[in-house]
Amino acid sequence: MVIGKQIKITPKKISRWLTMATIALSVIILISVSSFLYNNFYQTITQSKEVLVLREKVALSTIDMEKFNVIINKLKKKIISKELSNIYNPF
């Protein structure tokens, strides 16, 4: 009774498997190196370009904080709802 066939290992099969393993390993290394470079260099360069662009758009004049706080307080007073305690129940 024969349970299974014996696997014949030939130099040609070994060569094919080594070639496939080398190609797969090379692809994995290439993907990981590309991912590393993208995350650590390309994104950093684009973020620094954005900072430079935003720096040009920033207002160069200083802000008077007292006037700003007065305006914010007036806006808050406008938004706050008033109590309706003097209303008589018509029913």
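In short, a report on the structure. (Residues numbered from 1 in each chain as written. Predicted model: local features only at pLDDT ≥ 70, side-chain atom pairs only at ≥ 80, totals over all residues. Heavy atoms only, no water.)

Describing the overall build of the chain
Consideration 1: In terms of helices and strands, the chain carries two helices and zero strands.
Consideration 2: In the structure as shown, the chain presents an accessible area of about 10000 Å², 67% of it carried by carbon and sulfur atoms. (Helix = DSSP H or I, 4+ residues; strand = E, 2+ residues; numbered from the N terminus. Areas by Shrake-Rupley, 256 points an atom, 1.4 Å probe, with all protein chains shown as cover.)

Quick word on the packing of aromatic side chains
Think of a pair of aromatic rings as described by two things: how far the centres are apart, and how the planes are tilted against each other in angle.
Consideration 1: Applying the stated rule across the entire model yields two aromatic pairs.
Consideration 2: Look at Phe36 and Phe41: their rings are 6.3 Å apart centre to centre, the planes differ by 80°, and that puts the pair in the edge-to-face class.
Consideration 3: Residues Tyr38 and Tyr42 carry aromatic rings whose centres are separated by 5.5 Å and whose planes lie at 25° to one another, so their mutual orientation is stacked. You can see Tyr38 and its partner Tyr42 sitting in helix H1 (residues 11-57), four residues apart, about one turn around the helix.
Consideration 4: Overall, the relative accessible area of 48% leaves Tyr42 in the partly exposed class. (Phe/Tyr/Trp six-rings, centres within 6.5 Å; stacked < 30°, edge-to-face > 60°. Buried < 20%, exposed > 50% of the residue type's maximum accessible area, 1.4 Å probe, protein only.)

Concerning a positive patch on the surface
Consideration 1: Positive charge collects at one region of the surface, where Lys8, Lys12, Lys13 and Arg16 lie side by side.
Consideration 2: If you trace the backbone, Lys8 turns up in the segment before H1.
Consideration 3: Assessed through its relative accessible area of 65%, Lys8 is described here as exposed. (Patch = residues over 30% accessible without salt bridge, like charges linked within 9 Å, V, L, I, M, F, W, Y side chains within 5 Å. Salt bridge = Lys/Arg side-chain N within 4 Å of Asp/Glu carboxyl O. Lys, Arg positive; Asp, Glu negative; His and termini not counted. Charge placed at Lys NZ, Arg CZ, Asp CG, Glu CD.)

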